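A closer look at the structure
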Amino acid sequence: MLIDAKELDADSTIEADVIIAGGGIAGIALARQLGDAGAQVAILESGGEAPETRTQSLYTGPTTLSGPGNDARNLDDYMLASRVRCFGGSGNAWGGKCAPLDPVDFEARDWIPHSGWPMSRAALQSFYDRASALLGLPSFGPTPDAMFGSADPLLAKRSSALAIRPRSYSACTGLAPGGSFARYKKAAADHPRIKVYLHANVTHIRMNADGRRVHALQVSELDGRKHTARARLYVLATGGIENVRLLLASNDVHRDGIGNHSAWLGRAFQGHTVISQDDSPELSLLRADSELARYNNQQRDTPHAVIGLSDAAQRRHRTVNFTATLTGLDKRMSGQPVVATLTQKLCGAAAVSRRGAYFMIEHTPNRDSRLTLLPDQRDELGMPRVRLDMRYGEIEFETFGPMIERFAAELGRLEVGRLRWSGRREQLIASMSSPSRHHMGATRMARSPRDGVVDEHCRVHGVDNLFVAGSSVFPTSGIANPTLTLLALTVRLGDHLVRGLRGRA
Amino acid sequence: VSTDRRVILQMIAALVASSGLGNVSAACSAPFMEGIDWDAARELGQEYLRAHSQEAELQTMTTMVNSTRSDWQPVIDELRAAMQADYEAGRIVNLSGWFVSRTEARLLAVTASRTAPACAGQ
């Protein structure tokens, strides 16, 4: 049932078994799972059914993007433009691209500080499968070969250094035709045990005096009216920035913010940026266009192939994750790709397919990449605004150049193609696109409270009944688009909460 | 195991010499050079020459490319092996952004000192 908070009596009390703050793609999935299991669920959604300027402006805040040896960039529209604050959340503007993280992303890598998840990729496989089903996608297998089921045309010669990284596109987004995402939302709104409260902003988490349990949530409307929400269990699913903001701002019992026992809250923020610079990278493939047809999934305009450094190569060379994504022919590319033409004749390749490309590198967990509150700057609800200082670390920038060279050499050795890229280390930040809508890491998951904010079940360490859903719990972020992984973790969280509600956890 | 490029190029030179046909300047000789964009190749080749003009291998490569023979396949096979050996060993250079093997770079450099033959691409 959809309920507009404006229609509630002043100082109303909302009660449920589970209250979920945030009606985005994770909050909706979790509500449906819990509702199906018999729980009474309330979703508290800040926005309405469609974006509204006044609500969206609650997101405003400054952002900088920086890296060692590079000039910092101001991205002050990023906070506002990278999220959508209404029912369905950023799923309304999501491109639908899905991929699991790679097995190496879950591993503790001694050359990447603070890496390692409390679980392996294999342990998450069944949850990835369920998340894929939610999004109307076939399952991603545990390996690319298992997914494709046949030899890959780009890497027909086996390579221990390179790997194809499969990507699929879900139609369950607000941008795709067909109404799949509308049905996804409607399934929650029409659920007999789910109430979706619109224009219901969670502005404070009220703790018991001992700080070990959430007592209630404060709900505020833009017109100043306030309500109270009470439940057995509470889940924050307001996105990778707002989850942090709420926990930091609820500091009346935990003075540094809830879950900030080891000073990790808000830190290790990770985003995904695309490195392409104005003079776009180019990959001249020694392949015919027809050989790329398998990558033209979901009937998109152009083949979309992602080649990465293999897990083994990353371990061997102690690098961060890296991919090159092939796009369509860049219109700015003119003339003959002379290197590939020459090579084609020597290798006996049938054709040259000229492609644009972009690179992505893993943004590693960095304590200085962080969200902080701006106590002197308040939004219309009186909440402190938040600043994002997004920083890349030394290891990303140190390893990028050698990685590109190694990548190009392997493409050459395998007779896959020839790569062009003339970017320089000190221009990497300038070469990056605006970061994507991927907000990860700032309520990081760790078994020990010393190392993170939430435990392996996404429960805030030290708080019995408060959980976090979404990509803010990712300890590391790999390169894969995060929606599939955050949904897999949400499904896993749902199982855990159902056990808890039934008294078995 | 990577193959030493000097040995390969010496083999190529020997092949060329054994053909008994000698150098033919600016002729449409090496079939793998046919149809390439000569101006673009020359630009990249000159970039390589600016940094490596004294390489002994360049003369060997010039002799080989400028020769005429009836069967180029052994040369092509050797060049292909040399390219792969370069990539395997990390012997790559960056020419205007293109990551190429030393062997490819030298082939491009050869074009820099030639005029375009009649068979050159547009």
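The following refers to the structure shown. This structure is a prediction, so every number in the text was calculated from the model and none was measured.

1. Let's talk about the nonpolar core
- In this structure, L44(A), L154(A) and F32(B) are the most contacted members of the largest nonpolar core, which totals 181 residues.
- The greatest single-element share of this core, amounting to 10 residues, is contributed by helix α12 (residues 483–501) of chain A.
- Discounting chain neighbours no more than four positions away, the residues touching L44(A) are I14(A), I19(A), I20(A), A21(A), G22(A), G23(A), Y197(A), A200(A), V202(A), L217(A), V219(A) and A229(A).

2. Some points on the sheet that holds strand β17 (residues 370–378) of chain A
Residues and elements named next belong to chain A.
- Taken together, the four strands give an open sheet; going across it, the order is β5-β4-β18-β17, and neighbouring strands pair in mixed fashion. Two strands lie at the open edges of the sheet, namely β5 (73–74) and β17, each paired on one side alone.
- Relative to β5, strand β4 (residues 63–66) is paired through two bridges, and the arrangement is antiparallel. From the neighbouring strand, T64 faces β5, where its bridge partner is N74.

3. Remarks on the packing of helix α1 (residues 25–36) of chain A against α12(A)
All names here are of chain A.
- Between α1 and α12, the least distance of the axes is 9 Å, while the angle of their chain directions is 30°. Our pair here, α1 against α12, has a crossing hand that is right-handed. For the pair α1 and α12, the contacting residues are I25, A26, A29, L30, Q33 and L34 in the first and T483, L486, L487, T490, V491, L493, G494, D495, L497, V498 and L501 in the second.
- Residue classes in the contact of α1 with α12 are distributed as 12 nonpolar, four polar and one charged.

4. Considerations on the packing of aromatic side chains
Residues and elements named next belong to chain A.
- For the structure on display, the rule yields 11 aromatic pairs over all chains.
- Measuring from ring centre to ring centre gives 5.4 Å for W117 and F474, while their planes differ by 45°; the resulting arrangement is tilted. Placement of the pair is W117 in the loop between β6 (97–98) and α4 (121–134) and F474 in the loop between β20 (466–468) and α12, with a sequence separation of 357 residues. Across this residue pair, the class does not change: W117 and F474 are buried.
- Both rings, one in F359 and one in F400, keep their centres 6.1 Å apart while their planes meet at 65°; by these two values the pair is edge-to-face. Here F359, found in strand β16 (residues 353–361), pairs with F400, found in helix α10 (residues 394–413); they are 41 residues apart in sequence, far enough to count as distant. Each of the two residues, F359 as well as F400, counts as buried.
- Members of the aromatic cluster, connected to one another through ring pairs, are F322, F359, F400, F407 and W421.
- Taking the ring centre of W264 as reference, the NZ or CZ of R367 above it sits at 4.6 Å.
- Sitting over the face of the ring of W264, R444 holds its NZ or CZ atom 4.6 Å from the ring centroid.

5. Things to note about the pairing of strand β14 (residues 305–309) of chain A
Residues and elements named next belong to chain A.
- The buried fraction of β14 amounts to five of the five residues, a majority that puts the element mostly inside the structure.
- In this structure, β14 lies alongside strand β15 (residues 322–326), joined through four bridges in antiparallel fashion. Across the sheet, I307 pairs through a bridge with A324, a residue of β15.

6. What about the pattern of salt bridges?
- Summed over all chains, the structure comprises 29 salt bridges over all chains.
- The salt bridge involving R391(A) is made with D389(A); its shortest N-O contact spans 2.9 Å.
- The buried category is assigned to D389(A), whose relative accessible area is 17%.
- Between E104(B) and R418(A) there is a salt bridge whose closest N-O contact spans 2.7 Å. A residue pair is termed interchain when its members come from two chains, as with E104(B) in helix α5 (residues 102–112) and R418(A) in strand β19 (residues 417–420). Neither residue differs from the other here; E104(B) and R418(A) are each classed as buried.
- When salt bridges that share partners are traced, they join R83(A), R85(A), E242(A), R245(A) and D379(A) into one network.

Conventions used here
Residues numbered from 1 in each chain as written. Chains lettered and ligands numbered in written order. Predicted model: local features only at pLDDT ≥ 70, side-chain atom pairs only at ≥ 80, totals over all residues. Heavy atoms only, no water. Core = buried A, V, L, I, M, F, W, Y, C linked by side-chain atoms within 4.5 Å. Buried < 20%, exposed > 50% of the residue type's maximum accessible area, 1.4 Å probe, protein only. Helix = DSSP H or I, 4+ residues; strand = E, 2+ residues; numbered from the N terminus. Contact = heavy atoms within 4.5 Å. Pairing = 2+ DSSP bridges. Axes fitted to C-alpha atoms, helices over the stretch in contact; angles between N-to-C directions. Left-handed = near helix turned anticlockwise from the far one by under 90°. Nonpolar A, V, L, I, M, F, W, Y, C, P; charged D, E, K, R; others polar. Phe/Tyr/Trp six-rings, centres within 6.5 Å; stacked < 30°, edge-to-face > 60°. Lys NZ or Arg CZ within 6 Å of the ring centre and 35° of its normal. Salt bridge = Lys/Arg side-chain N within 4 Å of Asp/Glu carboxyl O.

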